[in-house]
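Examining the three-dimensional arrangement
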Number of protein chains: 2
Amino acid sequence: MADRQTLCTIRHGCLAIQGNTVEGVYKEKEFQKLTIHSDKDTVTDYGDCLIIPGMTDLHLHAPQYAFRGLGMDCELLDWLEKHAFQEEKKYSDLEYAGRAYRMFLNDLQKSPTTRACLFGTVHKESSLLLAKLLDSAGYPAYVGKVNMDKNSPDGLQEQSAEISVNDTRWFIEKVQSECHLVKPILTPRFVPSCSNLLLEELGELCQEYALPVQSHLSENPKETQLVRKLFPNSHFYGDIYHHFGLFGSHSPAVMAHCVYSGEEELAKIKENGVFIAHCPNSNTSLASGIAPIQKYWDYGLSIGLGTDIAGGFSLSMFRAIQDAVSVSKLYWRLVDSSLPPLTFSQAFYMATAGGGAFFPKTGTFLPGYEADVVVLDDSGLPCPFPLSPEERLERLCFLADSDVVAAKYIQGRLVYARPL
Amino acid sequence: MADRQTLCTIRHGCLAIQGNTVEGVYKEKEFQKLTIHSDKDTVTDYGDCLIIPGMTDLHLHAPQYAFRGLGMDCELLDWLEKHAFQEEKKYSDLEYAGRAYRMFLNDLQKSPTTRACLFGTVHKESSLLLAKLLDSAGYPAYVGKVNMDKNSPDGLQEQSAEISVNDTRWFIEKVQSECHLVKPILTPRFVPSCSNLLLEELGELCQEYALPVQSHLSENPKETQLVRKLFPNSHFYGDIYHHFGLFGSHSPAVMAHCVYSGEEELAKIKENGVFIAHCPNSNTSLASGIAPIQKYWDYGLSIGLGTDIAGGFSLSMFRAIQDAVSVSKLYWRLVDSSLPPLTFSQAFYMATAGGGAFFPKTGTFLPGYEADVVVLDDSGLPCPFPLSPEERLERLCFLADSDVVAAKYIQGRLVYARPL
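Residues numbered from 1 in each chain as written. Chains lettered and ligands numbered in written order. Predicted model: local features only at pLDDT ≥ 70, side-chain atom pairs only at ≥ 80, totals over all residues. Heavy atoms only, no water.

In screw terms, the move from chain B to chain A is a rotation of 180° and a rise of 0.0 Å along the axis, fitting with an RMSD of 0.0 Å. Here the copies are linked by what is in effect a two-fold axis. Minimal C-alpha separation from the rotation axis in chain B is found for Asp401 of chain B, amounting to 3.0 Å. (Least-squares fit on C-alpha atoms with pLDDT ≥ 70 in both.)

Set out below in C-alpha cells:
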C-alpha cells in the first residue's frame with residue numbers, strides 16, 4: 001500500500017529482501033538490470049502466484065481454538081461462563097495444552113497470518129509453552145499470560161492479585177530469556193475480571209518491563225453496563241485502563257472490539273495511539289454488534305483486524321477481511337447511512353499494514369519494513385476471463401480456501417511451504 | 001430432522017437406500033440383524049465420516065459464477081448494470097458459456113449441494129447447455145432461461161415479449177426432450193425487467209406446461225421503490241407475479257430474498273405456498289439488508305437457503321448456513337430484539353429439508369425421500385476433546401473447507417467421490 005487508500009500492485013514484479021527486511025519492489029525488467037546481486041543471493045521464482053505482505057491477527061485466544069465453531073448460541077458474558085472459561089480451565093494440564101496448541105499452530109502455519117497478538121490462559125506454564133511453540137515455528141508474536149483475579153469461575157480465577165502478578169513476572173522473564181522471537185505482552189483479561197490492586201500492579205509491571213498491553217474494550221452492551229456499574233466514577237470504559245497506565249500512555253496498547261466506544265473514549269484512543277483490533281466475525285457471532293470502523297478510520301485511528309478465536313470461529317485473516325467489508329455494509333444499511341461501507345482496499349490495509357504497525361514495521365513492502373511475505377496460489381480458482389492483479393487479490397481474499405498459501409516468510413525466513 | 005426444530009443424529013448408523021429412495025436409517029447393530037439384504041445389495045463403509053442429507057441451493061445464477069468475489073461495491077440495481085448484465089451478455093457465445101459453466105460445475109461437484117434452482121441467461125442455447133451439463137453430471141436441477149424484455153441493456157434485453165416467449169418455449173421443450181434429470185423452470189428475471197405482455201404470456205406458459213416459477217422478490221429498497229413506481233396500483237410486489245399466475249397459485253414458485261416483504265405479501269406467500277429462498281450472503285454483499293427469517297419461520301412459511309451466486313460470493317451451502325445464523329444475530333441486535341437469532345439446527349433444516357421440499361421429497365432421511373446423501377470427512381479438523389455427532393456437524397458447517405465432501409449421492413447414485 002502506498003498510503004491507506006491506495007492498493008498498489010505490480011505485474012511480474014520482484015520483491016528484494018536483504019537480511020530481515022524489504023530492500024525494494026521492482027518490475028522484473030528493472031530487477032534484472034540491477035547489478036547489486038552477490039554470489040550469496042538466491043532468487044525464488046513463484047511463477048504466477050500473488051505475493052503479498054504478511055497479515056497480522058491483532059487479537060485471538062489460542063486456548064479457545066479447540067472449540068471454535070461451537071457454542072455460539074449466547075452473548076459474551078454467558079458465553080465466557082459456559083464455554084470459554086470451561087475450556088480455558090483445561091490448560092492447567094500441560095499435556096492437554098501441548099496437544100491443543102500444536103493443533104492450533106498447525107493451522108496457523110497454513111494461514112496468511114505472520115504476526116499475532118495472542119491471549120494464553122492464566123496458567124503460566126502453558127502460556128510459556130504456547131510462546132515457545134510459536135517461537136520455534138518462527139513467529140515473532142506477542143503472547144500474554146492472562147490476568148483475572150475476580151468475577152471468574154473456580155478453577156480459573158487466580159487466588160490473589162499478588163499471585164497473578166508473580167506468575168506474570170515469572171512468565172515475562174521466562175519468555176524474555178527462552179524465546180528468540182516471541183515477546184511477552186501484558187494481558188489483563190478485561191476490566192470485570194481484574195481487581196483494582198491487580199490493575200495497579202500490572203500498570204507498574206508495564207513500566208518496569210516496558211511491555212505492551214492487550215485487552216478488551218467496549219465489546220458488548222451487557223459488558224459495558226457491568227463495567228459502568230463496577231466503576232461508576234470512570235468517564236468511560238477505557239478510562240479505567242488509562243487510570244492504571246495500561247492504555248497506551250506508557251507503552252503500546254491494543255484493545256479488541258471497540259464496538260461501543262463513545263466520543264471521549266475515541267479521543268483518548270487517538271491521543272494515546274491505542275490500536276483497535278476490529279473483530280467483525282466475533283462481534284457478529286456473539287451478537288455484540290457492529291463497530292463503526294469507517295468512522296474510526298476517518299478519525300485517523302490505528303486499526304487492525306483480529307479473528308478473536310473463538311468468539312470468532314475462523315482463524316483466517318481472509319475471512320476477517322470479508323467480514324470487515326460485510327458488516328460495514330450492514331452498518332450502512334441498518335444503522336448509519338452516512339458511513340459508507342469499507343472498501344476491499346481498506347480492509348486489506350487493516351489486515352496487513354494496519355495491524356502490522358503494532359510490531360511496528362511490518363505489513364507493507366516499503367523499503368526497511370520487516371520482510372513478512374505470503375505467497376498465494378490462486379490456480380485453484382480458474383476464471384474464464386483475464387483478471388488484473390488487484391482483481392485476483394480481491395477475489396482470492398473472498399474465495400480463499402485454506403490451501404491457497406503456497407509459502408510464507410517471516411523476517412525474511414521461510415517458515416512454511418505448502419506440501420506438494 | 002424429525003421435525004423443523006429437532007436435529008437427529010445416530011452414532012455408528014447405517015443409511016439404507018432402495019433404488020432412488022431412502023429405505024431407512026438404522027443403528028449399526030439393528031442393521032446387521034436385518035435380513036432383507038439380497039445378493040445385489042452393496043454396503044459402503046464410510047468409517048468415521050458424517051453422513052447428511054444433500055443440500056438444496058434454492059437460488060443461484062450460474063452465469064455469474066465467473067465474477068463471484070468481485071465488484072461488490074454497489075447496490076443491486078447498479079450492480080446489475082455494471083457487473084451482472086455485462087457478464088451475462090457473454091453467454092450469447094456458446095464457447096464462452098461452455099468454458100464458464102464447466103468451471104462452475106467442477107466446483108459444484110465438490111460442494112454439499114445436491115439440488116439447485118438455477119438461473120441461466122436470456123440465451124436459449126447456452127441455458128440449454130447449462131441444463132445438459134448438469135444433467136450429465138447427475139443433478140436433477142431446475143434450470144431457467146431468463147426472461148427480460150425491458151429496462152435492460154442492449155445486447156442482453158430480448159427484442160420483444162414474443163421472442164422471449166418463443167425462445168422459452170424452445171428451451172422448455174428441448175430440456176424436456178433432451179434431459180433425463182434436469183427440468184425447466186419459468187424464470188422472469190424480476191418485475192422491472194419484464195413487460196406486462198411478457199408476464200402475461202409466461203403465466204400462460206406456466207399453465208400450459210405445468211411449470212414451476214422462480215424469480216426475485218422485495219430484495220432491496222431501491223428495487224422495491226422502482227416496482228412501486230412501475231405498478232402503482234398493485235398492493236405489493238408479489239401481487240404483480242400473483243396477478244399473472246406466477247406466484248404459486250398454479251404451480252410451485254420460489255422467490256429469492258423477501259427482505260422487505262410486508263404483511264400482505266407474507267399472507268399471500270403463505271396462502272400460495274410460495275417458497276422463500278433466503279440468501280444472506282447476497283443480502284449482505286449487495287447491502288440489501290437482512291430478511292427477518294425467524295419471523296417467517298414462526299409464521300410457518302417454506303424457507304430454503306440460496307447462495308445467490310454472484311450477489312453472494314460463495315457457492316458453499318455451509319457458508320449459507322453460517323451467514324443465515326450470523327445475520328439473524330445482527331438483526332436481533334440491531335433491528336428487532338423480539339426475534340431471537342436462528343439456531344444452527346434451524347439453518348441446517350433450511351439448507352436440507354427446507355429447500356429440499358421444493359423438489360419435493362429430498363433433504364431428509366425419512367423413508368421414501370429421494371436418497372440425496374453427502375458424506376463429510378472432518379478428519380482435517382482435529383479436536384483435543386471428544387465431540388458428539390451434533391457438535392461435529394455444527395463445527396464442520398462453520399469451519400468446512402471445500403475438500404470436506406468425501407462423496408455425494410443423488411437419487412441413490414454416486415455422483416462425486418473426492419480424489420484420493
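Here we take up the interface of chain B and chain A. Many analyses report the size of an interface as the accessible area lost when the parts associate. The interface of chain B with chain A comprises 48 residues on the first partner and 48 residues on the second. Connecting chain B to chain A are 2 salt bridges. Salt-bridge contacts for Arg333 of chain B lead to Glu75 of chain A; the nearest nitrogen and oxygen are separated by 2.5 Å. Run the count over chain B and chain A and you get 14 residue pairs in polar contact (both at pLDDT 80 or more). Contributing elements (two or more residues each) for the side of chain B that touches chain A: α3 (94-110), α10 (280-285), α12 (317-334) and α14 (389-399) of chain B. By residue number, the principal contributor to the side of chain B that touches chain A is α12 of chain B, which donates 10 residues. (Contact = heavy atoms within 4.5 Å. Salt bridge = Lys/Arg side-chain N within 4 Å of Asp/Glu carboxyl O. Polar contact = N/O pair within 3.5 Å; in protein donor to acceptor, adjacent residues only side chain to side chain. Helix = DSSP H or I, 4+ residues; strand = E, 2+ residues; numbered from the N terminus.)

Right, let's get into the packing of aromatic side chains. Within the structure shown, the criterion is met by 30 aromatic pairs over all chains. Taken together, Tyr142, Phe275, Phe358 and Phe359 of chain A form an aromatic cluster joined through their ring pairs. A cation over an aromatic ring shows up here: Lys124 of chain A above the ring of Trp170 of chain A, its NZ or CZ 5.0 Å from the ring centre. Taking NZ or CZ as reference, Lys270 of chain B lies 4.9 Å from the ring centre of Tyr299 of chain B, over its face. (Phe/Tyr/Trp six-rings, centres within 6.5 Å; stacked < 30°, edge-to-face > 60°. Lys NZ or Arg CZ within 6 Å of the ring centre and 35° of its normal.)

We now examine the pattern of salt bridges. Pairs can form between side chains of opposite charge whenever their charged atoms are close. Residue and element names in this part refer to chain B. Applying the stated criterion across every chain, the model contains 40 salt bridges over all chains. Between Asp372 and Arg115 there is a salt bridge whose closest N-O contact spans 2.5 Å. With Asp372 in the loop between α13 (344-356) and β14 (373-376) and Arg115 in strand β5 (residues 113-119), this residue pair connects regions lying 257 residues apart in the sequence. For Lys145, the salt bridge identified is with Glu158, shortest N-O distance 2.6 Å. Highlighted residues: Lys145 in the loop between β6 (142-144) and β7 (146-147) and Glu158 in the loop between β7 and α5 (161-178), separated in sequence by 13 residues.

What follows deals with the sheet that holds strand β12 (residues 275-278) of chain B. Residues and elements named next belong to chain B. The strand order across the open sheet built from 4 strands is β10-β11-β12-β13, with neighbouring strands paired in parallel fashion. At either end of the open sheet lies a strand with only one pairing partner, and these are β10 (213-217) and β13 (302-305). Averaged over all adjacent pairs, the angle separating strand axes in this sheet is 30°, with direction ignored. Of the pairings in the sheet, the one linking β12 to β13 comprises 4 bridges and is parallel in character. Pairing of Ala277 across the sheet is with Gly304, part of β13. (Pairing = 2+ DSSP bridges. Axes fitted to C-alpha atoms, helices over the stretch in contact; angles between N-to-C directions.)

Structural measurements only, silent on function.
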